[in-house]
Amino acid sequence: MTDNKPTEKAPGFISRHPIISNLVFIAITAVVLVWLAMIFLDVWTDHGATTIVPDIKKNSYAMAKTILEKEGLSIEISDSIYDESITPGTVIESWPHAGAKVKPGREIYVTITSFQPRKVSIGMPLTGVSSRQALSYLESLSIKNIRIVNVPSQYADLVEGAKYNGKDITPGMQLPVTATVTLEVGSVPEEFFNEPAVTDTVLSTSGDDFDDLDARIEAALKSVGANE
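To keep things clear, this report deals only with the structure shown in the data block. Note that the structure is a prediction, hence the values are computed from the model and not measured.

A few words now on the sheet that holds strand S3 (residues 91-95). If you walk across this open sheet you meet the three strands as S2-S5-S3, and the pairing is mixed. What marks the edges here is a single partner per strand, and that holds for strand S2 (74-81) and S3. For this sheet the average axis-to-axis angle between neighbouring strands, irrespective of direction, equals 30°. Two elements, S2 and strand S5 (residues 107-113), share seven bridges in a ladder whose sense is parallel. Directly across from Ser-74, in S5, lies its bridge partner Glu-107. Of the strands in this sheet, S2, S3 and S5 are in contact with helix H3 (residues 61-70), which crosses S2 at around 150°.

If you want it as structure tokens, here you go:
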């Protein structure tokens, strides 16, 4: 008599090793997701697409912006420098430099000449110090135009006054680096060295004074004789 019971199939790999199977499935899924992400990023960032930074130095800011926008680039001011010899608003430096390969949409940072000189803040009194100390401090602030005016003083080389445009310079005041600062520096006058010695002598040596002295002595002697 024939046995018609169905033959039982041996359990597959997934059934026998469910943990390993899940790990393999997760790994395959991760690889696929990373691959799709890379494709998306390539499309989103124009992978492989580059443009050359044009030379924009010596152009006005407005012209440099127009030139960069034609190349699909943008512009950003990173710094400004005051230079009287160059027209204000002129691009004097760019980064990345001209000729560099960059991606479209990249910002190009530029340094331009400013319309007004940079200002600095005075942080210490300029009076009551030596001229050398005041000069050193002003130069450290990039103030180079300094006039020295000698004024009478009991203290040589002491700064008696500091002025800008006729006004006293005080701590906290802001000055342009192109300012002309006048330092009034003490200079001991010659008469301080040539003054005559001070004495307690009050008697003059003129002839009239001697005659007056004789008359007073004679009157004093007569007065003594009358009292005797």
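Here we take up unusual backbone geometry. The peptide bond linking Trp-95 to Pro-96 adopts the cis configuration, its omega dihedral lying at -5°. Of note in this structure, Ser-142 is not a glycine but carries a positive phi near 75°. Within the secondary structure, Ser-142 sits in the loop between helix H4 (131-140) and strand S7 (145-152). Since its relative accessible area comes to 32%, Ser-142 is described here as partly exposed. With phi around 55°, Asn-165 is a residue other than glycine that occupies positive phi space. Mapped onto the elements of the fold, Asn-165 is located in the loop between strand S8 (159-164) and strand S9 (167-168).

Pairing geometry for S8 and strand S11 (residues 180-187), over five bridges, is antiparallel. In the strand pairing of S11, Tyr-164 is matched with Val-181. As paired elements, S8 and S9 share two bridges and run antiparallel to each other. From the neighbouring strand, Tyr-164 faces S9, where its bridge partner is Lys-167. The antiparallel hairpin formed by S8 and S9 contains two residues in its connecting segment, where Asn-165 sits at a positive phi of about 55°.

Read across the open sheet, the four strands follow the order S7-S11-S8-S9; overall the sheet is mixed. Both edges of this open sheet fall to S7 and S9, since each of them pairs with a single strand only. Along the sheet, H4 makes contact with S7, S8 and S11, crossing S11 at roughly 170°.

On to the nonpolar core. Ile-122, Leu-138, Ile-143, Ile-169, Leu-175, Val-181 and Leu-183 are the most contacted members of the largest nonpolar core, which has 20 residues in total. Elements represented by at least two residues in this core include exactly H4, S8 and S11. Those residues in contact with Ile-143 that lie beyond four places of it in its chain are Val-120, Leu-138, Leu-175, Pro-176, Val-177, Ala-179 and Val-181. Listed in part, the 11 residues of the second largest apolar core include Val-53, Ile-56, Leu-68 and Ile-112.

All right, on to the side chain of Ser-114 then. Take Ser-114: it is sitting in the loop between S5 and strand S6 (119-121). In this structure Ser-114 comes out as buried when scored by relative accessible area, which is 14%. Among the polar contacts listed, one links the side chain of Ser-114 to the backbone oxygen of Gln-116, at a separation of 2.8 Å. In this structure Ser-114 touches Ser-80, Ile-81, Tyr-82 and Pro-88, once residues within four positions along its chain are discounted.

How each quantity is defined
Residues numbered from 1 in each chain as written. Predicted model: local features only at pLDDT ≥ 70, side-chain atom pairs only at ≥ 80, totals over all residues. Heavy atoms only, no water. Pairing = 2+ DSSP bridges. Helix = DSSP H or I, 4+ residues; strand = E, 2+ residues; numbered from the N terminus. Axes fitted to C-alpha atoms, helices over the stretch in contact; angles between N-to-C directions. Contact = heavy atoms within 4.5 Å. Buried < 20%, exposed > 50% of the residue type's maximum accessible area, 1.4 Å probe, protein only. Core = buried A, V, L, I, M, F, W, Y, C linked by side-chain atoms within 4.5 Å. Polar contact = N/O pair within 3.5 Å; in protein donor to acceptor, adjacent residues only side chain to side chain.

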